[in-house]
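Architecture and fold: a report
Spelled out from the first residue to the last, the chains are:
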Amino acid sequence: MSQALHATQTPGTDTAVPGVSGARQFWRRLRAQRAAMVAAAVVALLVLVALAAPLLTALEGQDPTTYHPDLVDSARGGVPVGSFGGISADHWFGVEPQTGRDLFARLVYGARVSLGVALAATVVQVVLGVVVGVTAALGNRWVDQLLSRITDIIVAMPLIIMALALLAVVPDSVPRPVLVAFVIGFVAWGTIGKIARAQTLTLKERDYVAAARLSGWSTWRVARRDILPGLAAPVITYAALMAPANIAIEAALSFLGVGVKPPTPSWGQMLTSANVWYQTAPQYLLFPAGALFVTVLALMVLADGVRVALDPRAASRLRVGTGRKQEAKAETAKEAAK
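Residues numbered from 1 in each chain as written. Predicted model: local features only at pLDDT ≥ 70, side-chain atom pairs only at ≥ 80, totals over all residues. Heavy atoms only, no water.

Remarks on the overall build of the chain
Put simply, the rule reads: In DSSP terms, a helix is any run of H or I states spanning at least four residues, a strand is any run of E spanning at least two, and both are numbered starting from the N terminus. By definition in these notes, contact holds between two residues if any of their heavy atoms fall within 4.5 Å. Working definition of accessibility: Shrake-Rupley area with a 1.4 Å probe, residue cover restricted to the visible protein chains.
The helix and strand inventory of the chain stands at 14 helices and four strands. Sequence-distant contacts, at least 24 apart, represent 69% of the contacts inside the chain between residues at least 6 apart. Approximately 17700 Å² of the chain is accessible, and the part contributed by carbon and sulfur atoms is 66%.

Next comes the structure, spelled out in structure tokens:
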């Protein structure tokens, strides 16, 4: 994979700094992809909404935990009073069935949980995977064999089942969002560990790495100055792909009842509660499902853009019809040359 984010050594120091030209090429290639830039804008908007959740709910005059029993019809089983699920000037997205809690407030606060858990889990996966992969590749034969077998076991584990088992035995006193992020990261770091190990084994054969080791550099110094900068492109690419997957996993765990616990709002938790209200109060299902769909789609498109920007030789799956355009240009150039 082309290393668009390479590292250069600053004279007189032992610190590797990102190559300026490589970073500029990366941003230029990323900006050239319209779909990726639109996805980046959507992701930025979602992050801004999550960070500004207290301000947005204050503008609406609501909060995610206050019950409004007067806004639901108890005679009909708790269906929101009014049209479109109780949408009004005071409740922009309506109210939650049975409880009357404001749906907009729970949705924007749920974005905090879903995005925060996904980001934290991705960081855990990257740290564990890179540490184990690099250590296995640079260690002796026994260390490599031991860590490689541990990685194989982690990869072979069914993620949802292991997460269910771990979350079920932990006391409720532990903050649930933190616990969910740690469990997802701990159970799903195996693939990036394999990527880091394979890439490190390739980098070990490079002349500059061999020269550094022969000159007496310690393993840690070689890893920090020569190996880690070379891992930037594949690690960033895979991390961008893991983030949307982690959002879906968090939603699935909350949907199964072992994720984030009430009253903390979560998109997956809202979908769990909405599965019996999709006929009488469809907005309670459509809003969190739509937010989850848009977020995962935007992150996947952005991840594809990052992959192509870091490896310009790879053809983007998003460029439908690009091949025909390139063929037409090539034929035009041939005719002009004749």
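Picking up where we left off.
Here we look at the packing of helix α8 (residues 190-204) against helix α10 (residues 219-230)
Note the cut-off: Only the contacting stretch of a helix is used when fitting its axis, a line to C-alpha atoms as for every element, and angles between N-to-C directions run 0 to 180 degrees. Here the word oblique covers every angle except those under 35 degrees (roughly parallel), over 145 (roughly antiparallel) and from 65 to 115 (roughly perpendicular). Two helices that cross are described as forming a left-handed crossing if the nearer one is turned anticlockwise from the farther one by less than a right angle, and a right-handed crossing if clockwise. Residue type decides the class: Asp, Glu, Lys and Arg count as charged, Ala, Val, Leu, Ile, Met, Phe, Trp, Tyr, Cys and Pro as nonpolar, and the leftover types, Gly among them, as polar.
Their axes nearest at 9 Å, the elements α8 and α10 cross at an angle of 120°. As judged from the angle between their axes, α8 and α10 are oblique. Handedness of the α8/α10 crossing: right-handed. Each of Gln-199, Thr-200 and Leu-203 in α8 lies in contact with α10, whose residues at this interface are Asp-226, Ile-227 and Gly-230. Its residues assigned to classes, the contact of α8 with α10 shows two nonpolar, three polar and one charged.

Some details on the layout of surface pockets
Our working rule: Cavity means a closed set of points on a 1 Å grid over the protein atoms alone, one where a 1.4 Å probe fits but cannot get out, pocket means an open set with protein on both sides within 12 Å along at least 5 of 7 lines, and lining means a residue has an atom within 4 Å of a point. Grid points are joined across faces, edges and corners, and a volume is the space filled by probe spheres set on the points.
Of the pockets and cavities examined, the largest pocket occupies roughly 570 Å³. Looking at the largest pocket, it is lined by 25 residues, and the ones nearest its centre are Val-43, Leu-119, Ala-243, Leu-299 and Leu-302. Those elements giving two or more residues to the lining of the largest pocket turn out to be α2 (34-51), α4 (103-138), α11 (232-255) and α13 (283-310). With nine residues, the single largest contributor to the lining of the largest pocket is α4. Of the residues contributing to the lining of the largest pocket, the split by class is 21 nonpolar, three polar and one charged.

Things to note about the environment of Thr-219
Quick note on the threshold: Any residue under 20% of the maximum accessible area for its type is buried, any over 50% is exposed, and the rest in between are partly exposed; the area is computed with a 1.4 Å probe on protein chains only.
Summarising the element assignment, Thr-219 is placed in helix α10. When its relative accessible area of 43% is taken as the criterion, Thr-219 is described as partly exposed. Put simply, Thr-219 and Gly-139 are 80 residues apart on the chain and 8.7 Å apart in space, counted from C-alpha to C-alpha.

Digging into the pattern of salt bridges
Heads up, the condition is: Any carboxyl oxygen of Asp or Glu within 4 Å of a side-chain nitrogen of Lys or Arg constitutes a salt bridge here.
Applying the stated rule across the entire model yields five salt bridges. Where Glu-96 meets Arg-101, a salt bridge forms, and the shortest distance between an N and an O atom there is 2.7 Å. In terms of burial, Glu-96 and Arg-101 fall into one category: buried. Here Lys-194 ties to Asp-152 by a salt bridge, and the two come within 2.6 Å at their closest N and O atoms. With a gap of 42 residues between them, Lys-194 in helix α8 and Asp-152 in helix α5 (residues 141-156) connect regions that are remote in the sequence. The structure contains a network of salt bridges with shared partners spanning Glu-96, Arg-101 and Arg-106.

Notes on a nonpolar patch on the surface
Basically, it comes down to this: By definition, no residue in a patch forms a salt bridge, and every one has over 30% relative accessible area; like charges are joined within 9 Å, nonpolar side chains (Val, Leu, Ile, Met, Phe, Trp, Tyr) within 5 Å.
Together, Leu-119, Val-123, Val-127 and Val-131 make up an exposed nonpolar region whose accessible area comes to about 360 Å². With respect to the helices, strands and loops of the structure, Val-131 is situated in helix α4.

Observations concerning the confidence of the model for the chain
The predicted coordinates of low-pLDDT regions are not to be read in fine detail. Test applied: Each residue carries a pLDDT score, the predictor's own confidence in it, on a scale running from 0 to 100.
Within the chain, residue pLDDT values average 78, and 84% of them lie at 70 or more. Taking the mean pLDDT of every element in the chain, the minimum, 40, falls on strand β2 (residues 16-18) and the maximum, 90, on α2. Across residues 315-323, confidence stays below pLDDT 50; counting only partners more than four residues off in sequence or on other chains, it has 11 contacts.

Quick look at helix α7 (residues 176-187)
Heads up, the condition is: Here a helix's expected span is defined as the number of its residues, less one, multiplied by 1.5 Å.
In this model, α7 (12 residues) spans 16 Å end to end at C-alpha, consistent with the 16 Å of a helix rising 1.5 Å per residue. Buried within α7 are the following residues: Arg-176, Leu-179, Val-180, Ala-181, Val-183, Ile-184, Gly-185 and Val-187. Of the surrounding secondary structure, the elements contacted by the buried residues of α7 are α4, α5, α6 (159-169) and α11.

Quick notes on the side chain of Thr-99
As for its position among the elements, Thr-99 is in the loop between β4 (79-80) and α4. Sequence-distant contacts of Thr-99, that is, excluding residues within four places in its chain, are made with Tyr-67, His-68 and Pro-69.

Some thoughts on the nonpolar core
Put simply, the rule is: We call a set of buried residues a nonpolar core when its members are Ala, Val, Leu, Ile, Met, Phe, Trp, Tyr or Cys and they connect through side-chain atoms within 4.5 Å of each other.
Counting 32 residues, the largest nonpolar core has Phe-26, Ile-247, Trp-267, Met-270, Tyr-284 and Leu-292 as its most contacted members. Here the element with the most residues in this core is α13; it accounts for 10 residues.

Here we look at the packing of aromatic side chains
Counted only if it meets this: Aromatic pairing here means that ring centres of Phe, Tyr or Trp (its six-membered ring) are within 6.5 Å. Orientation follows from the plane angle: under 30 degrees is stacked, over 60 is edge-to-face, and everything else is tilted.
Evaluated as defined, the whole model comprises four aromatic pairs. Centroid distance Trp-92 to Phe-104: 5.0 Å. Interplanar angle 55°. Geometry classified as tilted. Taken together, the positions of Trp-92 in the loop between β4 and α4 and Phe-104 in helix α4 put the pair 12 residues apart, joining distant regions of the chain. The exposure class of Trp-92 is partly exposed, given its relative accessible area of 34%. Residues Phe-93 and Phe-104 carry aromatic rings whose centres are separated by 5.2 Å and whose planes lie at 90° to one another, so their mutual orientation is edge-to-face. Here the residue Phe-93 occupies a position in the loop between β4 and α4, and Phe-104 occupies one in helix α4, the gap between them amounting to 11 residues.

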